Structure formats: C-alpha cells, structure tokens
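The primary structure of each chain is shown beneath.
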There are 2 protein chains.
Amino acid sequence: MTPISDHLDRVLATVAPLPPREVPLADAWDRRIAEPVRALVPIPLWRSSSMDGYAVRYDDVASADDAPVTLRVVADIPAGSDLDPALAPGDAARIMTGAVLPTDADTIVQLEHTDRLDPLAPVSESVEVRRAPSRGLFVRGIGDDLATGDLVAGAGTLTTAGVLAAVSSAGHGTLRVHRAPRVTVIATGSELVAPGEPVRRGQIPDANSLMVAALVRRAGGEVDAVAQVGDDPAELESALARAGGSDVVVLTGGVSAGAYDPVKQVFDGSRDVTFTSVSMQPGKPQAFGTLPGGAVLFGLPGNPVSAWVSFHVFVRPALLAMQGAPDGEVRLAPVPGRAGADWGTPPGRTQILPARLSVSGGVLTATPVHALGSKSHLTGSLALAGGYAVVPAEVERVQAGDAVDVVLIGADLPLAAGEDGV
Amino acid sequence: MTPISDHLDRVLATVAPLPPREVPLADAWDRRIAEPVRALVPIPLWRSSSMDGYAVRYDDVASADDAPVTLRVVADIPAGSDLDPALAPGDAARIMTGAVLPTDADTIVQLEHTDRLDPLAPVSESVEVRRAPSRGLFVRGIGDDLATGDLVAGAGTLTTAGVLAAVSSAGHGTLRVHRAPRVTVIATGSELVAPGEPVRRGQIPDANSLMVAALVRRAGGEVDAVAQVGDDPAELESALARAGGSDVVVLTGGVSAGAYDPVKQVFDGSRDVTFTSVSMQPGKPQAFGTLPGGAVLFGLPGNPVSAWVSFHVFVRPALLAMQGAPDGEVRLAPVPGRAGADWGTPPGRTQILPARLSVSGGVLTATPVHALGSKSHLTGSLALAGGYAVVPAEVERVQAGDAVDVVLIGADLPLAAGEDGV
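Residues numbered from 1 in each chain as written. Chains lettered and ligands numbered in written order. Predicted model: local features only at pLDDT ≥ 70, side-chain atom pairs only at ≥ 80, totals over all residues. Heavy atoms only, no water.

Facing the 99 residues of chain A at the interface are 101 residues of chain B. Where chain A abuts chain B, roughly 8100 Å² becomes buried across the two surfaces, and 63% of that area is made up of carbon and sulfur atoms. Along the contact surface separating chain A from chain B lie two salt bridges. Joining chain A to chain B, the criterion identifies 22 residue pairs in polar contact (both at pLDDT 80 or more). Only helix 1 (4-14), helix 3 (161-169), strand 15 (204-205), helix 4 (208-218), helix 7 (304-322), strand 26 (387-391) and strand 28 (403-408) of chain A provide two or more residues apiece to the side of chain A that touches chain B. In terms of residue count, the dominant contributor to the side of chain A that touches chain B is helix 3 of chain A (eight residues). (Contact = heavy atoms within 4.5 Å. Buried area = accessible area lost by both parts, 1.4 Å probe. Salt bridge = Lys/Arg side-chain N within 4 Å of Asp/Glu carboxyl O. Polar contact = N/O pair within 3.5 Å; in protein donor to acceptor, adjacent residues only side chain to side chain. Helix = DSSP H or I, 4+ residues; strand = E, 2+ residues; numbered from the N terminus.)

This is the structure:
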C-alpha cells in the first residue's frame, strides 16, 4: 500500500497554480495574491490630525499651562480639504480628524483644551488655548505605517478584508490574483437517488454530490456542475465529456475492483489515471490522474465518510495549490491534542478519524463522532465533525487521554465555548 | 464611557434571527439551521455489505478453517440492486460493497478468502470458502449510526459539508435555514477616492468600502450595495433611502462630533439612533440604532483600523445572531495567549490590538501588527492581522511573555506552520 504522503506528493506534483489575472479590488476578496504587493504610496499618505482641534505652531502654545494663549484662527480645515493656509506666529487653523496639517503647523490642540468646545459652531476669529500639548501631539506622520516600496502582502497571501484595506491604502486599485479552480463533481452509483426522493430496496440518498460541492466551495473552488450517474461506464464517459471546461473533476464511488465499478472500468489500463491503494482508513482505494483535456481527476471512494476524509487529505491540498497558496498552507497541518475516548484503529493503516473537537483549559480534545469510530458508513455523524484525528498505522488502540494529532477543518471550532468575550 | 459588553448587549437585544425559509439541500450550504433536524430514516438505511465478497449463512461456513466449504452461488447483487434472493442452506450470493444483504444471509466472506478472487469475472455457479469469517463480519446494520428520530443537527448548526451529507442520508431533501442578512455598506468622507484613483492634497484611497464588504461576506452576510458619499448630510440621506431593502446598513466615518460629520448631523436628536462613547481603543465613537424601514444601523469610526475592530466587536455578532447562530458562537470568544512583544496601552479603555498570530509548542503568541500598536491609522499593517489581543482598561503596559486574551478571526491561522501533515 502507498503511504498517504507519497500519494499526496504525487497529487501536488501534478497540479500548479492557475494563471493569475488582474481584477479590481472589489472583486479580489478571498483569493490568493499572485506576486508580492508593495506600497505605491506611503501610509499614511499625508501628515494629518488624529483629533478634532486646532493646528498650531508648538512654540506659540508651549506656555499655555502657565497662562492661556489666544491665537488668531485663519482657516477651517475639514477632512479631505486641499487647504494649506499659511500660519504666521500666533495663527491657528481649526482642523478635523483626518485632515491634512498646514505646512506651517506641527501640533494639534484638542478642542477640549480650548474655549471653543463645540465642533459644530461656526469657526470663530480666535481661540484660547488653555493647556499646552506636547510637540507633535495628535499628528500622524507620513509613512508612519508603511513607506513607499514596503511589502504590503507576499505572494500566496489570502485576500482577507484586512489585506484589501492595506492594498487599497497602499495605492493599488487592482490586484493580480489566481483564479478559483473550476470543479465538476460527479457522484457515481446506481443505488443513489436525489436527496429527499423515495427509495426502494437497495437505494440510498445521494449525500456525496452536495457534500463534495460544499467542500469544494469551502476550499475556495468554484463548482461548475454537479452530476449523478449510475454504474454505467458509458454514462460516466458522457458526464466526463461534459466536464471539459473544468480544471478538476471529482468523482465519488466506483473506484474499487468490483464488477460494477464504472470508474475502474472507464480508466482501466489508462496511462493517465491510476488506481492506488493508499495506506489509510477509511479511503484506501483512490483514483488519480488527468483527463485528455488536462483536467485533474480524483476518484474518491463512494462512502460519504471515505469521500469526506479523502477530500481533506488529497483534494483540498490540490485546490489550495492551484489557487497559489504557499506550501505551508496547502497541507492541513496537525496540532497536538488529546483523545476524548477509547477507540480501535485498523491494523497497518493510518486512521483518519472524523472527530468532535472541544477545547478546555488550553487542551484540544478529539472524540470520535460515533462510538463505532472511523467506519465509513457513519454518514449521519459527519454532522459533528470539526476535524479529524490522525492515528499512525502502528497504533493499535487509542485510549482516552492519549496524545493524538488533530487536524482542524473549519473556522468554527468552539475554542472557548461558553465563555463570552469581545 | 460605555463598557464594550454593555454596548454589545444593546446591539444583540436589538437584532433577532431572520425568518427561516425552506431550501433544497443543494442551496443550503453555509447557513444556520432554523430548527432541530431529526432522522426520517435510519442510517444506514439497509443491512448492507462493507466488502466485495459473498453473502452467506454463517452456519454453512463456520468450519471453513478446518476444510474448505463449497457453496452454490444463486445470485449476483450489485450495489443499488433490489434483489433479495432466497438462500437455502449451502447457498451464497455474490455481493458488492454497499449492496443490501439477502434476508437469509447474515455474514460476508470477502473475495480474498474464496477461490473466486477476480471481482470482474462473470459470476460462477459455485464458490469455495477457504477461511471462516466471524458471524456478522462485514455487515453494516440498519441504524448502526442513527435511528429514525435521532437528532442529526440542532437549531443554529452551521450547514457544513458534513452536516449536509448527514441531513441527506437522514432522508431530508430540504432544510429550513435562516437567510443571510442583506447589508448595505456606505463609506462616508469627502477625503475618500476610489482605490487606485489619483489623489490631490488631503485625499486618500477608500479602504473601508471593500474592507467592510469583505468582512460582511466573511460573517455570512450578503452585500446588497456598496456606496461612497462625501461629508454631506443630504448625500448620506439619499444613500440611506436607497438602502431600503437591506436588513443592516454599515456606515463608516462621520460619527465623531466634528463640524463635518454627516452621520452625526443626520441622526442628531434622533430617537432611533444614538451615539455612544465606548470604552475601547480604537473604536470609541459608535453610532447604533434602527432606520425608519427597520434596518439596523451601525455607524463605525472612519479610520480603517477602527472600523475593522468595531466590525469584529459589534457588527459581526449582530450578523451571526441574525443568521440564527447559537449564543455561544455569536460573540467571538477569547483564548489564552502570550504577548510576543512589549506594547503600550491607552489609559482607561479596553485595547483591541490587531495582532499577528503564531503557534509554537502549543502556545499562541500575539504580536502587534505594527510597532506603533493599536493606533488607528496603521491601515497597511492590517494585512498581517490574524486576530486581535484584548487588553483590559486597567493594564498600562503589556510586556513580551505576558498572558493576554486573544481573539482569532480567521480560518487561516498557521497553527503549526512549517509542519506538514495530512
């Protein structure tokens, strides 16, 4: 059997980042930046006030603690104004938060330290300064944050809200990002009926189509099409032919060696798609390769739990790599945790166990979503999985309290459930 | 000044979950379930085989370890088949993984323990069983996972891929979920120009519109419209009038007491929108209330860092509550961490410090994204923030190594950066 890491290496050697394209920042959310972004302008861009008040020459007001100083008000500067009034000694300008300081000013006196407390009053001819500021108080300097040319975000960075704000402030109106992989999802299996439809003996609701589509979206992919086909090689070939525009095709089911396994039949003897027994449980039978049009093909086992596990271990990393995520983020990295229960493990294979996760006292605990452990038919319990435990092949039994590697798959881990915060 | 928790309580007392609606499972991803979902059918739905092999009567093969047993093959059952062949003593049926067991069979003999190793060969008239299975081996029982009536997912559960798979397997074709809050984003400020456009003295690129829109999407909201208006109350009123269809309006800027603060001017004296000085830094000036059409209004301070912090502390919880998230997930809960550097804190206010996060040896470390700390003009450094530190008002200075409360905001924390896994 092939070790998980060898099969994943092969997957990752096959895929490459999709070509970048330049998009307006408003369309660039939640993608990966294709090349390092540097500041075109400094942040802040101007020397500005961080307080409603009066822009002054510090030397004029240095003694205001001893006796109030009266200044002549020569201008009123709102945020966004291009005013740059000359300030002679003894002059001041009323200034609002965010407005650019007059070239002649070096310090802001906040309203509260003057006799003109009401910011909504018409600007007056003079202002009395009653307390001395420190020199430069409430002045934001040009480039305090970033200088022109500074790195704003490296290649591979995810365009979060904060990244977009930074890139915009740094003078950019567009970004070069990798486009989302387009994915066709095909569930195979004559036993599958659409969710909610009546079943006759032997049939079951198709859980894989919508599960894989949701996993694709969660991993940043775009779902081109979702199809369901029976155990008929011709039907599968026709569905594959319709997936021509996709970058990736994810099949579920039909990868075992059974008499009716259509994926196996369609690609048997293919040079471009191979069938691998991977040393993991669930998820042993894996098909992987490329289609004639260049799309990457994954054939995952048909049990929903196996497909769920296989997706996280093999497909998600590929989708991340195609989006240009850095190496360190492509593979889901395990974190140290503790077993929350006893459970059995399969002999000679790495166990990937869907687990409920909880954190208490700084300890991450993973508990099987079902008492039957990692058996692949426990689809109902997948609802509870916040991640999975990874148990090495040589471990025969896990006991409550044992150290286990845990992979978190979602953003919604109740890291400190019950403890409200801000 | 109003404590953060008091202001948040007021926000959360104002909002309520949006009306649920029933949608096909394919359209139900990434929403909150409106009412508990119970299994309509057991999972598994049938007594089925978990292995390619032969369905047998255990008593016929119990002695196969002593001497091979030859059985008559009376049927061939693919997955999805409705066949239920009668098995007399001495009879077997070839069966594929996932297929329903004949009523008369109780055990599966895997292919490898017979003389018929090739699953693709035509079914034969007889099979020799060479090793005795245990009784019930490779048989999945009806309801092994969930029984009819068992809870699949509680109210408020996020519809992850695993939840959708479980709900489908439990017999549902639709789900009642809370719809996404529709949000209008309006950035106010005469100084703002569109990202990438040329600026004259005093102008800056608008970072808030796209940042808030991205934060809304990240929190599960739907962005109805994004607008940018100058410091003109009439312009703002007209933009607000166009937001009639939204559940939430998020304004940035214009909430201070300055002469040109349009939010303050439009709502001054309003009974439905109030201005609050919240005891936090950044983010002290907050406007909150409701518009005549019923939309919830947030007026956040205009500095991008202040707006970013305010969004996480007040707007995100409101959007989560409107989606029907359970109380424990509405407020971002802090986790224990350590300070990665020294930093100063504002006197008398809770500090919300955007922070770079890292984990090493199980310890979460938070480091200010910029050496200047939580000052609100450091927009460029927001690109680095994976969360924020919460420092109580009474703390005057944080030193490297101090225990700090940390809030994680993203799914992309490099929890074990550099350490590859599966």
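And the narrative resumes.
This part takes up the sheet that holds strand 5 (residues 53-56) of chain B. Residues and elements named next belong to chain B. Pairing is mixed in the open sheet, where five strands are placed in the order 8-5-7-6-9. The open sheet has two free edges, formed respectively by strand 8 (107-110) and strand 9 (126-129), since each of these has just one partner strand. When strand polarity is set aside, the average angle formed by the axes of neighbouring strands in this sheet is 40°. Of the pairings in the sheet, the one linking strand 6 (residues 69-77) to strand 9 comprises four bridges and is antiparallel in character. Pairing of Arg-72 across the sheet is with Ser-126, part of strand 9. (Pairing = 2+ DSSP bridges. Axes fitted to C-alpha atoms, helices over the stretch in contact; angles between N-to-C directions.)

Remark on secondary structure: sheet strands pair via backbone hydrogen bonds, oriented parallel or antiparallel. All names here are of chain B. The three strands lie next to each other as 1-12-2, forming an open sheet whose pairing is antiparallel. Because the sheet does not close on itself, it has two edges, and the strands there are strand 1 (20-24) and strand 2 (32-33). Both strand 1 and strand 12 (residues 174-178) contribute to a ladder of five bridges, which runs antiparallel. From the neighbouring strand, Glu-22 faces strand 12, where its bridge partner is Arg-176.

All names here are of chain A. Tallied over the full model, the rule gives 22 salt bridges over all chains. We note a salt bridge from Arg-135 to Asp-106, for which the minimum N-O separation is 3.7 Å. Of this pair, Arg-135 sits in the loop between strand 9 (126-129) and strand 10 (139-140) while Asp-106 is found in the loop between strand 7 (91-95) and strand 8 (107-110), placing the two residues 29 residues apart along the sequence. With relative accessibility at 54%, the residue Arg-135 sits in the exposed group. (Buried < 20%, exposed > 50% of the residue type's maximum accessible area, 1.4 Å probe, protein only.)

What follows is about the environment of Gly-253 of chain A. Residue and element names in this part refer to chain A. Relative to the assigned elements, Gly-253 resides in the loop between strand 17 (248-252) and helix 6 (262-267). Its relative accessible area of 5% is what places Gly-253 among the buried residues. The sequence separation of Gly-253 and Ala-214 amounts to 39 residues, and the corresponding C-alpha distance is 17 Å.

Now for the packing of aromatic side chains. Under the counting rule described, the total for this entry stands at four aromatic pairs over all chains. Judged by centre distance (5.1 Å) and plane angle (50°), the ring pair of Phe-288 of chain A and Phe-298 of chain A falls under tilted. Note that Phe-288 of chain A is positioned in strand 20 (residues 285-290) and Phe-298 of chain A in strand 21 (residues 296-300), a separation of 10 residues in sequence. Its relative accessible area of 1% is what places Phe-288 of chain A among the buried residues. Judged by its relative accessible area of 2%, Phe-298 of chain A falls in the buried class. With a centroid separation of 6.2 Å and an interplanar angle of 80°, the aromatic rings of Trp-308 of chain B and Tyr-388 of chain B are classed as edge-to-face. Taken together, the positions of Trp-308 of chain B in helix 7 (residues 304-322) and Tyr-388 of chain B in strand 26 (residues 387-391) put the pair 80 residues apart, joining distant regions of the chain. A residue is classified by how much of its surface remains accessible, and Trp-308 of chain B, at 1% relative accessible area, is buried. Judged by its relative accessible area of 0%, Tyr-388 of chain B is buried. (Phe/Tyr/Trp six-rings, centres within 6.5 Å; stacked < 30°, edge-to-face > 60°.)

This part takes up the relation of the copies chain A and chain B. With an axial shift of 0.1 Å and an RMSD of 0.1 Å, the rotation relating chain A to chain B amounts to 180°. Both copies of the chain, as the preceding transformation shows, are related through a two-fold rotation axis. A share of 100% of the interface residues of chain A reappears at the interface of chain B, consistent with the copies meeting face to face through the same patch. (Least-squares fit on C-alpha atoms with pLDDT ≥ 70 in both.)

Before going further, it helps to spend a moment on the domain arrangement of chain A. All names here are of chain A. Assigned domains within chain A: domain 1 (4-16 + 180-330), domain 2 (20-44 + 144-178), domain 3 (48-140) and domain 4 (335-408). With 17 residues of domain 1 at the contact, the number on the domain 4 side is 17 residues. Carbon and sulfur atoms make up 66% of the area that domain 1 and domain 4 hide from each other, which totals about 1400 Å². Of all residues in domain 1, Gln-281, Val-305 and Trp-308 give up the largest surface area on contact with domain 4, accounting jointly for 48% of the area buried on that side. On inspection of domain 1 and its partner domain 4, the count reaches zero salt bridges. Counting across the domain 1 and domain 4 interface gives five residue pairs in polar contact (both at pLDDT 80 or more). Looking at the side of domain 1 that touches domain 4, the elements that each hand over two or more residues are strand 19 (280-281) and helix 7. The biggest single contributor to the side of domain 1 that touches domain 4 is helix 7, with seven residues. Of the residues that constitute the side of domain 1 that touches domain 4, the class distribution is 11 nonpolar, five polar and one charged. (Domains from an automatic or database assignment. Nonpolar A, V, L, I, M, F, W, Y, C, P; charged D, E, K, R; others polar.)

Moving on, we come to the pairing of strand 21 of chain A. Residues and elements named next belong to chain A. Here strand 21 lies mainly inside the structure; five of its five residues are buried. Across five bridges, strand 17 lies against strand 21 in parallel orientation. The residue of strand 21 that forms the bridge with Val-249 is Leu-297. Sheet topology places strand 20 next to strand 21; four bridges connect them, and they run antiparallel. The partner of Phe-288 across the bridge, within strand 21, is Phe-298.

An α-helical turn contains 3.6 residues, so a residue and the one three or four places further along point in the same direction. Residue and element names in this part refer to chain B. Approximately 45° is the largest bend angle found in helix 7, and it occurs at Phe-311. Within helix 7, 19 of the 19 residues are buried, leaving the element largely enclosed by the surrounding structure. Looking one or two residues past helix 7, Gly-324 carries a phi angle of roughly 90°, positive in sign. (Bend = angle between axes of the 7 residues up to and from the residue.)

Residue and element names in this part refer to chain B. At a minimum axis separation of 10 Å, helix 1 (residues 4-14) and helix 7 run at an interaxial angle of 30°. Taken together, the axis directions place helix 1 and helix 7 in an arrangement best described as roughly parallel. The way helix 1 lies across helix 7 gives a crossing that is right-handed. Judged by residue contacts, Ile-4, His-7, Leu-8, Val-11 and Leu-12 of helix 1 engage Val-313, Phe-314, Pro-317, Ala-318 and Ala-321 from helix 7. Partitioned by chemical class, the residues of the contact of helix 1 with helix 7 number nine nonpolar, one polar and no charged. (Parallel < 35°, antiparallel > 145°, perpendicular 65-115°, else oblique. Left-handed = near helix turned anticlockwise from the far one by under 90°.)

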